[in-house]
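Notes for the structure review
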Amino acid sequence: MSSPRKRREMDLMKLMMSDYKVEMINDGMQEFYVEFNGPKESPYHGGVWKIRVELPDAYPYKSPSIGFINKIYHPNVDEMSGSVCLDVINQTWSPMFDLVNVFEVFLPQLLLYPNPSDPLNGEAAALMMSDRAAYDQRVKEYCEKYAKPEDIGAKAEDRSSDEELSEDEFAASDDEEIAGKADP
């Protein structure tokens, strides 16, 4: 059986070779940030979060610590600290799971299927249970305010061309000028 250090390195390399942007926090391989996009078909779609991951010395036998750096409105995420209440990560972690599972399965499932009966954010849980449409609208407002590429330090050129103008900027621009230019 491989050592926890080798497994950490292997899982981190697997995550880096996937479609996720990974930024190391220090020289070691135990703390890093991962860019995470909100899942499609959810009110979080279009949001981009910087997720802090800390791997304990005993990883993969002990679960990683996961937290949102930029704000997110969700019943199972503490709004101030970004801590995640996720049963699979916090209680039922198994060495069979790896870091790619966290970003391809666990976090998308958390955002697609919030659990308001086990909240870290009581206000979000109460709103979700009493008025789902208002909850979805608040989620979208938080995405607009706190979860854009520039909120996590992404460069403007990393954004697609349709994201570069806000709706207000687009409405205020001269339509003839835009229509007269070809895409480069």
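Residues numbered from 1 in each chain as written. Predicted model: local features only at pLDDT ≥ 70, side-chain atom pairs only at ≥ 80, totals over all residues. Heavy atoms only, no water.

Looking up the protein in an unreviewed UniProt entry gives the name E2 ubiquitin-conjugating enzyme, with the organism given as Hibiscus syriacus. The Sequence similarities (unreviewed entry) field of the UniProt record for the protein holds the comment "Belongs to the ubiquitin-conjugating enzyme family." Listed under Function (unreviewed entry) in UniProt, the entry text for the protein is "Accepts the ubiquitin from the E1 complex and catalyzes its covalent attachment to other proteins." (UniProt positions renumbered as here; feature names shortened; annotations may be inferred.)

Things to note about the overall build of the protein
Looking only at helices and strands, the protein has seven helices and four strands in total. Listed by position from the N terminus, the elements making up the protein come as α-β-β-β-β-α-α-α-α-α-α. With 184 residues in all, the protein has 38% of them scored as buried. Within the protein, contacts between residues separated by at least 24 positions form 55% of all contacts whose residues are at least 6 apart in sequence. Of the accessible surface of the protein, which amounts to about 11100 Å², a share of 50% is contributed by carbon and sulfur atoms. (Helix = DSSP H or I, 4+ residues; strand = E, 2+ residues; numbered from the N terminus. Buried < 20%, exposed > 50% of the residue type's maximum accessible area, 1.4 Å probe, protein only. Contact = heavy atoms within 4.5 Å. Areas by Shrake-Rupley, 256 points an atom, 1.4 Å probe, with all protein chains shown as cover.)

Points about a nonpolar patch on the surface
On the surface, Met13, Met16 and Met17 cluster together to form a nonpolar patch covering roughly 320 Å² of accessible area. Relative to the helices and strands, Met17 resides in helix α1 (residues 4-17). (Patch = residues over 30% accessible without salt bridge, like charges linked within 9 Å, V, L, I, M, F, W, Y side chains within 5 Å. Salt bridge = Lys/Arg side-chain N within 4 Å of Asp/Glu carboxyl O.)

What about the packing of helix α4 (residues 122-130) against helix α5 (residues 132-146)?
Two numbers describe how α4 lies on α5: the axes approach to 5 Å, and their chain directions differ by 135°. Taken together, the axes of α4 and α5 lie oblique to each other. Facing α4, whose interface residues are Glu123, Ala124, Leu127, Met128 and Ser130, α5 presents Arg132, Ala134, Tyr135 and Arg138. Partitioned by chemical class, the residues of the contact of α4 with α5 number five nonpolar, one polar and three charged. (Axes fitted to C-alpha atoms, helices over the stretch in contact; angles between N-to-C directions. Parallel < 35°, antiparallel > 145°, perpendicular 65-115°, else oblique. Nonpolar A, V, L, I, M, F, W, Y, C, P; charged D, E, K, R; others polar.)

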